[in-house]
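Architecture and fold: a report
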Amino acid sequence: MIFAKRLQSMMLGASFLAASVPAWAVVDIQGGPAVLQTNFQPPVTQIAHQIYSLHTMMLIICLVIFVAVFGVMFYSILKHRKSLGHKSASFHESTAVEIAWTIIPFVIVIGMALPATKTVVAMKDTSNADLTIKVTGMQWKWGYDYLSGDGEGISFLSTLATPHEQVVDPTKVKSDTYLLEVDNPVVVPVNKKVRLVLTANDVIHSWTIPAFGVKQDAIPGFVRDTWFKAEKVGTYRGQCVELCGKDHAFMPIVVSVVSDADYKAWVDGKKKEMAAAADDPAKTWTIDELKTRGEKVFTANCAVCHMANGKGGGVVPALDGDPVVNGPRAAQILTVLNGKNTGMPAWKGTLNDTEIAAAITYTRNSWSNHAQENIVQPAEVLAARK
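The structure reproduced in this document is the subject of the present report. Please read these numbers as outputs of a predicted model, since none were measured by experiment.

Cut-offs and rules
- Residues numbered from 1 in each chain as written.
- Predicted model: local features only at pLDDT ≥ 70, side-chain atom pairs only at ≥ 80, totals over all residues.
- Heavy atoms only, no water.
- Pairing = 2+ DSSP bridges.
- Helix = DSSP H or I, 4+ residues; strand = E, 2+ residues; numbered from the N terminus.
- Axes fitted to C-alpha atoms, helices over the stretch in contact; angles between N-to-C directions.
- Contact = heavy atoms within 4.5 Å.
- Core = buried A, V, L, I, M, F, W, Y, C linked by side-chain atoms within 4.5 Å.
- Buried < 20%, exposed > 50% of the residue type's maximum accessible area, 1.4 Å probe, protein only.
- Patch = residues over 30% accessible without salt bridge, like charges linked within 9 Å, V, L, I, M, F, W, Y side chains within 5 Å.
- Areas by Shrake-Rupley, 256 points an atom, 1.4 Å probe, with all protein chains shown as cover.
- Salt bridge = Lys/Arg side-chain N within 4 Å of Asp/Glu carboxyl O.

So, about the sheet that holds strand β10 (residues 252–258). On the basis of which strands lie adjacent, the open sheet formed by 3 strands has the order β4-β10-β9 and mixed pairing. Because the sheet does not close on itself, it has two edges, and the strands there are β4 (186–189) and β9 (234–239). In this sheet, neighbouring strand axes are inclined to one another by 25° on average, regardless of whether the strands run parallel or antiparallel. Judged from the 4 bridges that link them, β4 and β10 form a sheet pairing that is parallel. Following the sheet pairing, Val-186 is matched in β10 by Val-255. Here helix α5 (residues 260–278) sits on the sheet and contacts β4 and β10; the angle it forms with β4, its principal contact strand, is near 135°.

Right, dumping it as structure tokens:
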């Protein structure tokens, strides 16, 4: 009776707990682990295919050895037992047996080692890469720098995108990509060889994408490399698999494999995004930085009419000694922004605030010009636009 009451109490408690905690449907993660997964993730690179095949071959060999050895053993135990009248043989050694159990394992090991060695050698061949990316592990995020190939110069950090409340509050509904989502995924083109150069700036990390068959440690003070060539468009996920500190579980890796056209579009967009961030109008520049940047802007956009020496020509006025250039900077800012009816175009829709500030600063400090107000900051151009 007491046991029945306790059981009923436990069942009521379990029912209450199930009702109070939301139930989440567990689904397969694209490019990541699957529900009830018992084998490797589907491979999308040749190396991953080879690893998958090697794994299957090794399991089959081990299974055959297991069945053969234990089959002979159990057959001998059952068919040659004493109760059936069998007597044990008396011998000390057999040259044939010694040779057999030396040669057979040797052949098996060689048969396993040859294809494995071929795959390991291929994994280390990072030559002739179409794209090279530097990967830097840090507590607890990844840094990516595109070193060569289309996209050279792109640089960004990639951190966990799962909201903090999902991590700390068990009642919050989890996303389908919980702890395997980032704010800035790595983007690479399909069917292109991508070389990864890895290091770390604090402790040992490990960059791993199971679907690529890639796992490479990132070690402080050392440079290691690996490669992959994804053959299928999609999103693929992994994690740091080297214990690297208290937030080791919150250091995912996401690689987006896209078509060539989509990759070019991403590169263009990323470079514009980086340029916009670099040209933040709130940034305060030194005069030397503005003059250096301004010379490039002037040469590319203004020297066609005003000439590189600032002397102008025909109806185009000279900037060397021009009263507007040497006068209050507000007037020149408005002139450059809005243009003039004499044929000078308005640059407010073509150049950003930093480029206009740099070009004006360059002209006010070049040739014979020595304007009293000799520097213009991007924030002043931004204010003049309003």
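So that's the structure; there's more coming.
In globular proteins that are soluble, nonpolar side chains generally tend to be buried together. Formed by 35 residues in total, the largest nonpolar core has its most connected members in Ile-133, Trp-207, Phe-212 and Val-255. Those elements giving two or more residues to this core turn out to be β1 (131–138), β2 (141–148), β4, β5 (194–200), β6 (205–209), β7 (214–218), β10 and α5. If sequence neighbours within four positions are ignored, Phe-212 has contacts with Val-44, Thr-45, Ile-47, Ala-48, Phe-228, Ala-230, Tyr-236, Val-255 and Val-257.

Let's shift gears to a nonpolar patch on the surface. On the surface, Leu-63, Ile-65, Phe-66, Val-67, Val-69, Phe-70, Met-73, Phe-74, Ile-77 and Leu-78 cluster together to form a nonpolar patch covering roughly 920 Å² of accessible area. Residue placement: Leu-63 occurs in helix α2 (residues 46–79). With a relative accessible area of 52%, Leu-63 lands in the exposed category.

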